[in-house]
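# Reading the structure
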Amino acid sequence: MIKKFKFINIFLLLIFISKTAYSLEPNIFVQSTVNRASQILSSDISKSDKIEKLKIIATDTVDIKGIGFYTLGKFRKELNDAEKKEYTKLFREYFLKSFSSRLAEYTNPKIDVQSQEKLNDKYTIVSSVLVATDTRPEIKIQWRVYTKDPDRPLIRDLIIEGLSLARTQKEEFSSIIQSSDGDIQSLFSSLKKFINN
Amino acid sequence: MRYLLKILIIYIFTINFAFAGADGEVSFSKKTGEVKDCFESVNRATFAFNQGLDNIIFEPLAKGYRKLPNPIKIGTGNVLSNISNLITIPNNILQGEFKTAGVNTARLAVNTTVGIFGIFDVASQMGFIKDYKKEDYGQTLGTWGIGEGCYLVLPVLGPSTIRDLSGNFANILGADPWYNLTIKNDTRHFKESDYYFSKGGDGLNFRAKNIDSFENLEKNSMDFYASVRSLYLQDRRKKILNSDSVTESQDDSDWDEIQSN
């Protein structure tokens, strides 16, 4: 009986250890993500190759679908299933194009992760700095990491010097929809135009 | 006494406009709210006009300024930052930040004298705080709980709000010592042009520092006007809070509902 009890204890301990070993700390996740991106940006390959590789990193590490629905704001509740599906597809293409083209402008950026603050079970804010160069000062960057699944954290927002990119995007989308009296199709048209441009 | 009276008039003026701009709903919350763009069509037209001016005048000037040797750019930035203390210090006091007001006064005294009119930031080398934060009357009104009111785009000057514009009026009503020294009073030591050069220099310095960011934002925006508006309002809210904490400056409620992949 005691042997059996010991065996169960060891078994539970093993499960706990394996679970802990696989869950990824948000600060380590962010640092490894920026290291991957930095390696690509400083490599001697063409800009279009860099963009393609950055898109792979974004697909792995960013919650594109989540950001897409966040940026719709109050309008996300008004979408039917078909529109949701179309929006998810369009936003994904838009995001990857916009994100990789923004990032590809940087050459060899050095980002140091400094600290992290757990907001709740779902979110941790990781603080980092983009190290200063001769042409630009140090820039503070904070990462909103979605940690609902601790084994697979995902980036949901970048807050640069206190300015949220997701919020800026949300207000831009809202402006586009409102300028067409709340017609979501106007946003879809703008997204298509950006993607095909 | 006259000074206090002017501040009081601005305070009342701002409250009225904040109410008017919000259709009776003033956000006293320090968290982020909906954008109140009451004059959007006029604002968009002014924004387009400013972009035209920027393309013809400010961007080329800023690009030229960027090519100047680093010591000249750093010295210019230091002089402008030193002058800005003249507005920051009274606002530190109005916001109850007496210790910061003391430190900034010491910085101003040291940099104006030992640092030769602010060209050299000697104060930072002497151990005074390096992370100097500018304050203005718009920020002070914000810390007093006044809502930002409607968003505005001013010709040449760019983004603002009713509250920030009211804060700017305080400057020309006598609350800006630099304006008093150069324009309002004949001190014989300074000319009116000194004021305009300093303000123009501030704008140029800001534009030169942000050339790449603006280009990138314009290229990747579907509605550049809305992106600039969002960034301006977020920046002002952050400056009013004087906080780097995301939980204080960003509204989390909208994130809660978003489901995972």
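Residues numbered from 1 in each chain as written. Chains lettered and ligands numbered in written order. Predicted model: local features only at pLDDT ≥ 70, side-chain atom pairs only at ≥ 80, totals over all residues.

This part is about the overall build of chain A. Each helix and strand in chain A was counted, giving seven helices and five strands. Counting from the amino terminus, helix and strand elements in chain A follow one another as α-α-α-α-α-β-β-β-β-β-α-α. Residues classed as buried in chain A amount to 32% of the 197 residues present. A separation threshold of at least 6 residues defines the contact pool for chain A, and within that pool the share at least 24 residues apart is 52%. (Helix = DSSP H or I, 4+ residues; strand = E, 2+ residues; numbered from the N terminus. Buried ≥ 20, exposed ≤ 12 C-beta atoms within 10 Å, placed from the backbone. Contact = placed C-beta atoms within 7 Å.)

Moving on, we get to the overall build of chain B. Helix and strand counts for chain B stand at 13 helices and two strands. Here chain B holds 261 residues, and 31% of them are scored as buried. Considering only contacts within chain B whose residues lie at least 6 apart along the sequence, 65% involve residues at least 24 apart.

All names here are of chain B. Phi angles above zero are rare outside glycine, and I116 is one such case at about 50 degrees. With respect to the helices and strands, the residue I116 is situated in the loop between α4 (98-113) and α5 (122-125). Residue classification places I116 among the partly exposed residues on the basis of 13 C-beta atoms within 10 Å. Positive phi is not limited to glycine here, since V156 has a value of about 65 degrees. Relative to the helices and strands, V156 resides in the loop between β1 (151-154) and β2 (158-161).

Here we take up the pairing of β1 of chain B. All names here are of chain B. By the bridge criterion, four bridges tie β1 to β2 in an arrangement that is antiparallel. Bridging across to β2, Y151 finds its partner in T161. In this structure, the hairpin formed by β1 and β2 is closed by a connection of three residues, where V156 is found at a positive phi of approximately 65 degrees. (Pairing = 2+ DSSP bridges.)

Turning our eyes to something else, we now look at helix α2 (residues 40-66) of chain B. An α-helix turns once every 3.6 residues. As a result, residues three or four positions apart point the same way. Residues and elements named next belong to chain B. Compared with the 39 Å implied by 1.5 Å per residue over 27 residues, the 33 Å span of α2 between its first and last C-alpha is markedly short. Considering bend angle alone, the principal kink of α2 is centred on D54 and spans about 55 degrees. Those residues of α2 lying buried are E40, T46, F58 and A62. Close packing links the buried residues of α2 with β1, α9 (192-209) and α10 (211-220). (Expected span 1.5 Å × (residues − 1). Bend = angle between axes of the 7 residues up to and from the residue.)

Moving on, we come to the interface of chain B and chain A. Contacts between the two partners involve 23 residues from chain B, matched on the other side by 29 residues from chain A. Only α10, α11 (224-241), α12 (246-249) and α13 (253-256) of chain B provide two or more residues apiece to the side of chain B that touches chain A. A total of seven residues in the side of chain B that touches chain A trace back to one element, the largest contributor, which is α11 of chain B. Looking at the side of chain B that touches chain A residue by residue, the classes come out as seven nonpolar, eleven polar and five charged. (Nonpolar A, V, L, I, M, F, W, Y, C, P; charged D, E, K, R; others polar.)

Right, let's get into the sheet that holds strand β5 (residues 163-164) of chain A. All names here are of chain A. With respect to topology, five strands assemble into an open sheet ordered β1-β2-β3-β4-β5, the strand pairing being antiparallel. Whereas interior strands pair on both sides, the edge strands pair on one side only; in this sheet they are β1 (111-118) and β5. Of the strand pairs in this sheet, strand β3 (residues 139-146) and strand β4 (residues 154-160) are connected by six bridges, and their pairing is antiparallel. For R144, the partnering residue across the bridge sits in β4 and is D157.

All right, on to the packing of helix α3 (residues 70-94) of chain B against α4 of chain B then. All names here are of chain B. With their axes 9 Å apart at the nearest point, α3 and α4 run at an angle of 160 degrees to one another. Regarding the angle of α3 to α4, the classification is roughly antiparallel. Pair α3 / α4 crosses with left-handed handedness. Across the interface between the two elements, N82, N85, T88, I89, N92 and I93 of α3 pack against F98, T100, A101, N104, T105, R107, L108, N111 and T112 of α4. Of the residues assigned to the contact of α3 with α4, the class counts are five nonpolar, nine polar and one charged. (Axes fitted to C-alpha atoms, helices over the stretch in contact; angles between N-to-C directions. Parallel < 35°, antiparallel > 145°, perpendicular 65-115°, else oblique. Left-handed = near helix turned anticlockwise from the far one by under 90°.)

On to the nonpolar core. In terms of nonpolar packing, the biggest core is built from 36 residues, with V30, F91, F95, V126, W143, V145 and L187 of chain A touching the most fellow members. If you list the elements that add at least two residues to this core, you get α2 (26-41), α4 (64-72), α5 (81-103), β2 (123-130), β3, β4, α6 (165-178) and α7 (184-196) of chain A. Of all the elements, α5 of chain A adds the most residues to this core, at six residues. Grouped together as the second largest cluster of nonpolar side chains are six residues, C150, Y151, V153 and L233 of chain B included. (Core = buried A, V, L, I, M, F, W, Y, C linked by C-beta atoms within 7 Å.)

With that settled, the discussion passes to the packing of α6 of chain A against α11 of chain B. Two quantities define a packed helix pair, namely the angle between the helix axes and the distance between the axes. Packing of α6 of chain A against α11 of chain B leaves a shortest axis separation of 8 Å and a crossing angle of 135 degrees. Of the possible angle classes, the one that applies to α6 of chain A and α11 of chain B is oblique. Between α6 of chain A and α11 of chain B lies a crossing whose hand is right-handed. For the pair formed by α6 of chain A and α11 of chain B, the contact residues are R167, T168, E171, E172 and S175 of chain A on the first element and A226, S227, S230, L231 and Q234 of chain B on the second. Within the contact of α6 of chain A with α11 of chain B, the residues separate by chemical class into two nonpolar, five polar and three charged.

Right, let's get into the pairing of β1 of chain A. Residue and element names in this part refer to chain A. Pairing analysis gives seven bridges linking β1 to β2, with the strands arranged antiparallel. Bridge pairing links K118 to T124 in β2. As consecutive antiparallel partners, β1 and β2 are separated by four residues.

Residues and elements named next belong to chain B. Relative to the elements of secondary structure, N242 occurs in the loop between α11 and α12. Take N242: there are 15 C-beta atoms within 10 Å of it, and that puts it in the partly exposed class. A C-alpha to C-alpha distance of 24 Å links N242 and F214, two positions 28 residues apart in sequence.

Here we take up the environment of S124 of chain B. All names here are of chain B. Within the element layout of this structure, S124 appears in helix α5. Residue classification places S124 among the partly exposed residues on the basis of 17 C-beta atoms within 10 Å. It is 20 Å that separates the C-alpha atoms of S124 and D202, two residues lying 78 residues apart in sequence.

Turning to the confidence of the model for chain B, a few remarks are in order. One rule of thumb: low pLDDT means the predicted coordinates there are not for detailed reading. Per-residue pLDDT for chain B has a mean of 83; in total, 82% of the residues score no lower than 70. Within the model, pLDDT remains below 50 along residues 1-32 of chain B, and this stretch shows 45 contacts once partners closer than five positions in the same chain are excluded. (pLDDT = per-residue confidence, 0-100.)

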